[in-house]
Amino acid sequence: MAVLVTGGMGYIGSHTVVKLLEDNKEVIIVDNLVNSKEEVLNHIETITLIRPLFIQGDIRDEKLLEKIFSHHLINSVIHFAGLKAVGESVDEPIKYYDNNIVGTLILLKVMKKYKCRKMVFSSSATVYGNNSNVPFEESYPLSTTNPYGATKHMIEDILRDVYKSDKEWSIALLRYFNPIGAHESGLIGEDPNDIPNNLLPYVAKVATGELACLSVFGDDYDTPDGTGVRDYIHVDDLASGHLKALGYIDGTTGIEAFNLGTGNGYSVLDIVRAFEKASKKTIKYKVVNRREGDIPICYANANKAKQLLNWQAYKNINQMCEDAWRFASNKSNHKE
Ligand code: NAD
Ligand code: UD1
């Protein structure tokens, strides 16, 4: 029985595929490479000595999904495939609703047809909206502030309705906090093609010299040093959470949301200092205005994942920055 990993060539997907292969799972990846590169497959093979089956294609291609499900015995799906840039989703909402919502609906339709009723879904802490009542608990009311976030909220609702209609389904909604870091080999990590929107990839490019200076978005928040506080989690810990969730949904039916975070908050300046330590480089920064839509503080209460999934994050902020730096400096050297 195989696990179908949609978006398995991407940042979090590739780390999860490594964990699945190391756990002797049969893995099939479907990814259209809209935000990833085919070379990731070679890196997965170098790390695990296994080359998983990779099918290049779009999850909105119903015929392709039909073909995959009719040719393989698929027990469960880990559904990463989606577009994730908040700013772009504001400019191009139709593209985001089409890719994320339509893609998920077609996937669910084919899963239902082939009686595959187990899914781990990549949700996000963005579903807590503007709430600043930390730590965030799964029971909090959900709201969103941009089309990207709305797709995550809507897909959670769709999956809750799917379960209500057929109690044989078993679904884990994993609400990631801020994934950073890279595989310890330095071979896979987050590698945005454009100028990064997120803090860590931006800091990494300042350290490699590809970008000149970090803009710190506001230092007048009601936080210890005035800069925004987030729950950064190592992508390797996050990937382990998917294995635990897969084990959990295998033995039960129902739908549950889980926060995957460390439960700790770090400020932008904490990250700058940790990255300077890891890279032995000076990170040049200047403080600019707040970024619209940012909340001051966000971190998880991750007790539910600990209790029900027997999962917790182990890696600290220094390890996250060291691994992110190893990957970024490898990439940068290869570009020269
Ligand atoms: P990513 O962009 O690196 O990976 C997503 C993968 O999905 C890419 O390889 C892309 O090519 C593929 N893809 C996108 N649309 C597709 C489609 N229609 N058909 C087939 N493949 C498609 O992103 P990531 O950081 O690995 O995120 C994975 C998931 O987790 C996404 O759903 C994202 O929204 C969610 N998430 C990410 C973060 C984060 O900070 N990285 C936080 C919360 C939630
Ligand atoms: C962003 C998304 C969120 C998504 C999350 C996933 C936005 C508004 N929100 O969250 O929906 O779920 O990624 O990881 O994009 N910062 C700077 N300078 C920069 C970049 C960021 O100071 O150049 C600050 C931000 O103000 C924030 C912190 O760094 O305080 C983290 O920012 P970022 O990495 O973009 O993540 P989030 O905003 O938490």
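Each value, and the rule that gives it
- Residues numbered from 1 in each chain as written.
- Chains lettered and ligands numbered in written order.
- Predicted model: local features only at pLDDT ≥ 70, side-chain atom pairs only at ≥ 80, totals over all residues.
- Heavy atoms only, no water.
- Pairing = 2+ DSSP bridges.
- Helix = DSSP H or I, 4+ residues; strand = E, 2+ residues; numbered from the N terminus.
- Axes fitted to C-alpha atoms, helices over the stretch in contact; angles between N-to-C directions.
- Core = buried A, V, L, I, M, F, W, Y, C linked by side-chain atoms within 4.5 Å.
- Buried < 20%, exposed > 50% of the residue type's maximum accessible area, 1.4 Å probe, protein only.
- Contact = heavy atoms within 4.5 Å.
- Near = heavy atom within 4 Å.
- Polar contact = N/O pair within 3.5 Å; in protein donor to acceptor, adjacent residues only side chain to side chain.
- Areas by Shrake-Rupley, 256 points an atom, 1.4 Å probe, with all protein chains shown as cover.
- Expected span 1.5 Å × (residues − 1).
- Salt bridge = Lys/Arg side-chain N within 4 Å of Asp/Glu carboxyl O.

Draft legend 1. Highlighting the sheet that holds strand E6 (residues 170-176). Here seven strands make up an open sheet; going across it, the order is E3-E2-E1-E4-E5-E6-E11 and the pairing parallel. Edge strands, defined here as strands with exactly one partner in the open sheet, are strand E3 (53-56) and strand E11 (254-260). Recorded for the sheet is a direction-independent mean angle of 15 degrees between the axes of neighbouring strands. Both strand E5 (residues 118-124) and E6 contribute to a ladder of seven bridges, which runs parallel. Paired with Met-119 across the bridge in E6 is Ile-171.

Draft legend 2. Fine view of the nonpolar core. Within the largest apolar cluster, 36 residues are counted, with the highest numbers of intra-cluster contacts made by Ile-29, Val-120 and Leu-174. Looking at this core, the elements with two or more residues in it are strand E1 (2-6), helix H1 (11-22), strand E2 (26-31), helix H2 (39-48), E6, helix H8 (235-250), E11 and helix H10 (303-309). For this core, the element with the most residues is H1, which contributes six residues. Setting aside anything within four residues of it in sequence, one finds Val-120 in contact with Val-77, Ile-78, His-79, Ala-172, Leu-174, His-242, Ala-245, Leu-246 and Ile-249. Core analysis: the second largest hydrophobic core is formed by 30 residues, Leu-64, Leu-65, Leu-108 and Val-162 among them.

Draft legend 3. Seen up close, the pairing of strand E4 (residues 74-79). Of all six residues in E4, five are buried, a share of seventy percent or more. Both E1 and E4 contribute to a ladder of five bridges, which runs parallel. Opposite Ala-2, over in E4, you have Ile-74 as the bridge partner. For E4 and E5, the ladder comprises three bridges, and the chain directions are parallel. For Val-77, the partnering residue across the bridge sits in E5 and is Met-119.

Draft legend 4. Structural detail: the site of ligand 2. Residues in close proximity to ligand 2 total 18 residues, the closest being Leu-199, Ser-215, Arg-230, Arg-291 and Asp-294. For ligand 2, an oxygen atom lies 3.4 Å from a polar atom in the side chain of Thr-126. Notes on ligand 2: free accessible area 740 Å², of which the protein chains cover 86%. Those elements giving two or more residues to the shell around ligand 2 turn out to be strand E7 (178-180) and strand E8 (214-217). Here the shell around ligand 2 gets four residues from one element, more than from any other, and that element is E8.

Draft legend 5. Geometry of H8. End to end, H8 covers 23 Å across 16 residues, agreeing with the expected 22 Å (1.5 Å per residue, within 8%). When we look at burial in H8, the residues that qualify are Val-235, Asp-236, Asp-237, Leu-238, Ala-239, Gly-241, His-242, Ala-245, Leu-246 and Ile-249.

Draft legend 6. Summary view of the pattern of salt bridges. Summed over the entire model, instances satisfying the criterion amount to 24 salt bridges. For the salt bridge of Lys-109 with Glu-62, the shortest nitrogen-to-oxygen distance reads 3.3 Å. Residue Lys-109 is located in helix H5 (residues 93-113), and its partner Glu-62 is located in helix H3 (residues 62-71); the two are separated by 47 residues in the primary sequence. The partner of Arg-326 in a salt bridge is Asp-323, and the shortest N-O contact between them spans 2.7 Å. Taken together, the residues Arg-326 and Asp-323, both in helix H11 (residues 317-335) and three residues apart, mark about one turn of the helix. Its relative accessible area of 33% is what places Arg-326 among the partly exposed residues. If you follow the salt bridges from partner to partner, you end up with Lys-37, Glu-39, Asp-191 and Lys-331 in one network.

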